[in-house]
Amino acid sequence: AERLASGKNCSDHKAADICSDSTHCQAYFSQEQLKSKWGAKYEEYYQKVKECVIETAGQILIYDKKPIMAFYHSNSVNMTEDCVNVFNSSYPYLKSVDTPTDTTAEYYETRVSYTLTSFVSFVNSKYPKAKLSIDTLRDTVKIISRHDSGRVNKLKLGGVEINGVEARDLFGLKSANFSIGFSGDNIIIDTLGSGHGVGMSQVGANVMAEEGAVYTDILKHYYTGVSIGNIKDYI
């Protein structure tokens, strides 16, 4: 809604307001894809989604009389992330907040492992100034700082420093909430949660719903200071 109201098209698709790439604009699945994904649960889940869409038709989140940028992600562990730490843009309604955690959720905890040799070769190929070597790896690869959410702020890779978002992309991690350890001839990266961490945690929202929270309570928890309006008043 915020994008439509602003009249700004994405640079990646100037002829359209939004696209169906979930990492870019909006997730989209055809009914055939949903049947494949949900299997025997398709009819049950589809009816639930349909009911939610119908019952909330036209409702949007508002802050300071304007539609918000409603970022969301899969799963945060303990806290969501402040938008400025991920997208370099600050929004008063996209601040870090506490979130319930489900340790049984998919991607609650994941692990990536490299041999020391492959890690050194890979990082040096991406960042030549790193100049990593196996002999000094334990002293030259360190997490320097973290954000209040627990996600990595700065990571030292030999002669270079990168931020947690860059590290997540570099190593293909599920989130920037990670730790680094060594085991024999391997370097281990353990990650908590999944996604950029900004806005609503889908897993956290599900936990809140199971505990009795209604959708308005959930939304107002994850998006600080918002209210609910009708899209017809803003588009």
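Refer to the structure presented above.
## So, the pattern of salt bridges
Going through the model one piece at a time under the given rule, you end up with four salt bridges. Among the ionic pairs, Lys95 bridges to Asp82, the shortest N-O distance being 3.7 Å. Taken as a pair, Lys95 in the loop between helix H4 (84-87) and strand S4 (109-115) and Asp82 in the loop between strand S3 (72-73) and H4 lie far apart in primary sequence, 13 residues in all. Here Lys95 falls in the partly exposed class, since its relative accessible area comes to 30%. Salt-bridge contacts for Asp190 lead to Arg111; the nearest nitrogen and oxygen are separated by 2.6 Å. Of this pair, Asp190 sits in strand S9 (residues 186-192) while Arg111 sits in strand S4; the two residues are 79 residues apart in sequence, bridging distant segments of the chain. Taking the relative accessible area as the measure of exposure, Arg111 reaches 58% and is therefore exposed.

## Some remarks on the side chain of Thr191
Position of Thr191 relative to the elements: it lies in strand S9. Thr191 has contacts with Tyr108, Glu109, Thr110, Leu173, Lys174, Ser175, Asn177 and Phe178, leaving out every residue within four places of it along the chain.

## Some points on the packing of aromatic side chains
Applying the stated criterion across every chain yields a total of eleven aromatic pairs. Centre to centre, the rings of Trp38 and Tyr42 are 6.3 Å apart; their planes meet at 35°, and the pair counts as tilted. Here Trp38 falls in the partly exposed class, since its relative accessible area comes to 21%. Summarising the aromatic geometry, the rings of Phe122 and Phe171 are spaced 6.2 Å apart at their centres and angled 55° between planes, so their arrangement reads as tilted. Of this pair, Phe122 sits in helix H5 (residues 116-126) while Phe171 sits in helix H7 (residues 164-171); the two residues are 49 residues apart in sequence, bridging distant segments of the chain. Under the relative-accessibility criterion, Phe122 is labelled partly exposed at 24%. Its relative accessible area of 5% is what places Phe171 among the buried residues. Members of the aromatic cluster, each reached through a chain of ring pairs, are Trp38, Tyr42, Tyr45 and Tyr46. Between Lys174 and the ring centre of Tyr107, over which it is positioned, the NZ or CZ distance is 4.0 Å.

Analysis parameters
- Residues numbered from 1 in each chain as written.
- Predicted model: local features only at pLDDT ≥ 70, side-chain atom pairs only at ≥ 80, totals over all residues.
- Heavy atoms only, no water.
- Salt bridge = Lys/Arg side-chain N within 4 Å of Asp/Glu carboxyl O.
- Helix = DSSP H or I, 4+ residues; strand = E, 2+ residues; numbered from the N terminus.
- Buried < 20%, exposed > 50% of the residue type's maximum accessible area, 1.4 Å probe, protein only.
- Contact = heavy atoms within 4.5 Å.
- Phe/Tyr/Trp six-rings, centres within 6.5 Å; stacked < 30°, edge-to-face > 60°.
- Lys NZ or Arg CZ within 6 Å of the ring centre and 35° of its normal.

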